[in-house]
Amino acid sequence: MQHTAAAWLFEIALALRVFGPDVVRGCRRLLTAGVRFGITQLTGARTPARAAESDREAS
């Protein structure tokens, strides 16, 4: 079965219209989870910079 260029464009446009919102929503959820994980790692692993400076001055 052969498809013309117009038929391919129509199928691609239809697929984008049907699945596009779900893909965008899924990407947003993944990015949100990544940001939450990154913030947790940053706040849990680092000490405040001021405390490090005061320790250097005391030595």
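Here the residue index of a chain counts from 1 through its sequence in written order. Given that this is a predicted model, residues contribute local features only at a pLDDT of at least 70 and side-chain atom pairs are listed and counted only at 80 or more, while totals for whole chains, interfaces and linings are drawn from all residues. Heavy atoms throughout the structure, all of them, feed into the side-chain values; hydrogens and water do not.

Peer 1: Would you mind showing me how to read the overall build of the chain here?
Peer 2: Each helix corresponds to a stretch of at least 4 residues labelled H or I by DSSP, and each strand to a stretch of at least 2 residues labelled E; elements are numbered beginning at the N terminus. Across its full length, the chain carries two helices and zero strands. Classification of the 59 residues of the chain by burial places 2% in the buried group. Accessible surface area values rest on a Shrake-Rupley calculation with a 1.4 Å probe, where residue burial reflects the displayed protein chains alone. Counting every atom, the chain has about 5,900 Å² of accessible surface; 64% of that belongs to carbon and sulfur. With a 1.4 Å probe rolled over the protein chains alone, any residue whose accessible area is under 20% of its type maximum counts as buried; one over 50% counts as exposed, and the rest are partly exposed.

Peer 1: Would you mind going over the pattern of salt bridges with me for this structure?
Peer 2: Pairing is possible between side chains that carry opposite charge, provided their charged atoms lie close to one another. Salt-bridge detection follows one rule: a side-chain nitrogen of Lys or Arg within 4 Å of a carboxyl oxygen of Asp or Glu. Across all of its chains, the model carries one salt bridge by this definition. For R25, the salt bridge goes to D22, with nearest N and O atoms at 3.0 Å. Of this pair, R25 and D22 both sit in helix α1 (residues 5-45), three residues apart, which is roughly one turn of the helix. D22 gets classed as partly exposed once you look at its relative accessible area, which sits at 47%.

Fair warning: the whole summary comes from geometry, so function is off the table for now.
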